[in-house]
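Read off the chains here:
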Amino acid sequence: MPITRGHVLLTPRQHREKLSHCKTSEAAVLGAWLGVLSRAVMRGVGALALGLAESDTKETKQQLIEQEEEKEEEVGAVQDWNVVQNNGARAAQVVNHVHYHIIPRPGEVPDLRARSWTMFGRGQRGDLDEEEALRTRDRIRWEIGREVRMLSLADRRILGVEDGGESRL
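The structure reproduced in this document is the subject of the present report.

Rules of the game
- Residues numbered from 1 in each chain as written.
- Predicted model: local features only at pLDDT ≥ 70, side-chain atom pairs only at ≥ 80, totals over all residues.
- Heavy atoms only, no water.
- Helix = DSSP H or I, 4+ residues; strand = E, 2+ residues; numbered from the N terminus.
- Contact = heavy atoms within 4.5 Å.
- Areas by Shrake-Rupley, 256 points an atom, 1.4 Å probe, with all protein chains shown as cover.
- Buried < 20%, exposed > 50% of the residue type's maximum accessible area, 1.4 Å probe, protein only.
- Pairing = 2+ DSSP bridges.
- Axes fitted to C-alpha atoms, helices over the stretch in contact; angles between N-to-C directions.

A tally of helices and strands in the chain yields four helices and three strands. For the chain, the N- to C-terminal ordering of α and β elements is β-α-α-β-β-α-α. Residue pairs at least 24 apart in sequence account for 73% of intrachain contacts in the chain once pairs closer than 6 positions are excluded. Working note: accessible area of the chain is about 10,800 Å², and carbon and sulfur atoms make up 50% of it.

This part takes up the pairing of strand E2 (residues 81–84). The side chains of a regular strand alternate between both faces of the sheet. Residues Asn 82 and Val 84 line the buried face of E2, whereas the alternating positions Trp 81 and Val 83 sit on a face that is not buried. With four bridges connecting them, E2 and strand E3 (residues 100–104) associate as antiparallel partners. Bridge pairing in E3 places Val 84 opposite His 101.

Picture the strands of a sheet paired through backbone hydrogen bonds; they go either parallel or antiparallel. The strand order E1-E3-E2 describes an open sheet built from three strands, whose pairing is antiparallel. With partners counted over all chains shown, the strands left at the sheet margins are strand E1 (8–10) and E2, one partner each. Taking each pair of neighbouring strands and ignoring which way they run, the sheet shows an average axis angle of 20°. Pairing analysis gives three bridges linking E1 to E3, with the strands arranged antiparallel. Looking at E3, one finds that Val 8 is bridged to Ile 102. Across the sheet, helix H1 (residues 24–49) lies against E1, E2 and E3, angled at about 25° from E3, the strand it touches most.

The next point concerns unusual backbone geometry. A positive phi angle is found at Ala 92, which is not glycine, with a value near 75°. Secondary-structure assignment places Ala 92 in the loop between E2 and E3.

Here is the structure:
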């Protein structure tokens, strides 16, 4: 169950129980995807908070991209998030397969800095209706595509992205 809107998991296709069981090349690809997905998810969740949707015109999206370039920051992107990965039962790993949680922390989530006891800011889980979940999924997919299109050929190879956009991971 997602902790916040946009909470996603990154996992290798090959079964590995713990991170230490991953081949070095698999771990490198996972690490590269963490940055890509973090940027895409934070932009996607932020855009939804601003009321932008997948159905927005190309001109609206281009204006957002131009604003980001001018300010050298991501306009509307969520600025805080967790990346969490657990190994073993004592470390709170529930699913015996390597996976990373990318958990957006938008402005409506309380500031957790003063709470050192908070493992990764669990907080309250809110319900996400199906329509909102689909909008979130579609916006994040669009942002991932945008992120991948902006990568150099060398970076695409590191991610294992083929010309068709599919990852080998």
